[in-house]
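# Tertiary structure, described
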Amino acid sequence: QLNSPPSTQEHTVASALRLNTLLNRQFQPDDRLLDTLRNELKLLDGLCRTLGVSELSSFVDTTALELQAAVAMLDDEAKKAVPEPDPQTGQIWGIEDVSWQPVATGMSTLEALQHHLRKSPHSGLNSNKVRDLLQELDYCIATLAPLEAEGAQFHLAVEESGQR
């Protein structure tokens, strides 16, 4: 089920997908929501397999969502024991707590998807979805390209909608 309704998707919590980067231990969160990439992740993973590149989902990190869900289950007394936000990330998790991938590896996947969708825009999607996907892929590529030569790392963070 590639386009299953939201009620049957894996995450029952409304989630957001964002691009985070790391260069020389400098964490850079991004505010742009990548909703179309999130919604079409299974379809895009299938395209990645066809194209022979790493699946887009291999760059997704769910640490923030998992920690947010865990904190939400705590009672008020236990919430007092939740650690202060990490000084580098501003979140309750630190740089070492999440999965990071080389920008160069991600660029291969992003560029292959971008090229394929430009060349074959019908890929099982309507033209509005393809347009939205290309805008989000273009944004990720433009953000990551200058960091690639510097050996930066990145991930696509899944977190609860409205968190930041």
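Reading the values: the criteria
Residues numbered from 1 in each chain as written. Predicted model: local features only at pLDDT ≥ 70, side-chain atom pairs only at ≥ 80, totals over all residues. Heavy atoms only, no water. Helix = DSSP H or I, 4+ residues; strand = E, 2+ residues; numbered from the N terminus. Contact = heavy atoms within 4.5 Å. Areas by Shrake-Rupley, 256 points an atom, 1.4 Å probe, with all protein chains shown as cover. Phe/Tyr/Trp six-rings, centres within 6.5 Å; stacked < 30°, edge-to-face > 60°. Lys NZ or Arg CZ within 6 Å of the ring centre and 35° of its normal. Buried < 20%, exposed > 50% of the residue type's maximum accessible area, 1.4 Å probe, protein only. Pairing = 2+ DSSP bridges. Salt bridge = Lys/Arg side-chain N within 4 Å of Asp/Glu carboxyl O. Expected span 1.5 Å × (residues − 1). Polar contact = N/O pair within 3.5 Å; in protein donor to acceptor, adjacent residues only side chain to side chain.

## Describing the overall build of the chain
- Along its length, the chain carries six helices and five strands.
- In sequence order, the secondary structure elements of the chain are arranged as β-β-α-α-β-α-α-β-α-α-β.
- At a minimum sequence separation of 6, the contacts of the chain that also span at least 24 residues come to 74%.
- By element, 50% of the accessible surface of the chain is carried by carbon and sulfur atoms, the whole surface being about 9,000 Å².

## Quick look at the packing of aromatic side chains
- Under the counting rule described, the total for this entry stands at two aromatic pairs.
- The ring of Tyr-139 has Arg-32 sitting right over it, with the charged end atom 4.5 Å from the ring centre.

## Thoughts on the pairing of strand S5 (residues 153-160)
- With seven of its eight residues buried, S5 lies for the most part within the structure.
- Where strand S1 (residues 15-23) and S5 come together, eight bridges link them in antiparallel fashion. When the bridges of S5 are listed, Ala-16 appears paired with Glu-159.
- Two elements, strand S3 (residues 60-61) and S5, share two bridges in a ladder whose sense is parallel.

## Notes on unusual backbone geometry
- Positive phi values are uncommon outside glycine, yet Asn-24 reaches one of about 50 degrees.
- Structurally, the position occupied by Asn-24 is in the loop between S1 and strand S2 (26-29).
- Non-glycine residue Arg-25 carries a positive phi angle of around 65 degrees.
- Position of Arg-25 among the secondary structure elements: in the loop between S1 and S2.
- With relative accessibility at 41%, the residue Arg-25 sits in the partly exposed group.

## Structural notes on the pattern of salt bridges
- In total, this model carries six salt bridges according to the counting rule given.
- Close ionic contact of Arg-49 with Glu-55 constitutes a salt bridge, the shortest N to O distance being 2.7 Å.
- Given a relative accessible area of 54%, Arg-49 falls into the exposed group.

## Regarding the environment of Ser-120
- In this fold, Ser-120 is placed in the loop between helix H5 (103-119) and helix H6 (127-148).
- Once the C-alpha coordinates of Ser-120 and Val-130 are considered, the two residues, ten residues apart in sequence, prove to be 9.7 Å apart.

## Brief notes about helix H2 (residues 41-51)
- Among the residues of H2, those classed as buried are Leu-41, Leu-43, Leu-44, Asp-45, Leu-47 and Cys-48.
- Among the structural elements, helix H1 (35-39), S3, H5 and H6 are those in contact with the buried residues of H2.
- Trailing H2 by a residue or two, Gly-52 shows a phi angle of about 75 degrees, which is positive.

## Remarks on H6
- Over its 22 residues, H6 extends 30 Å from the first C-alpha to the last, a length consistent with the 32 Å expected when each residue adds 1.5 Å.
- Contact partners of the buried residues in H6: S1, H1, H2, H5 and S5.
- Two or three places before Asn-128, at the start of H6, stands the capping residue Asn-126, its side-chain oxygen 3.0 Å from that residue's backbone nitrogen.

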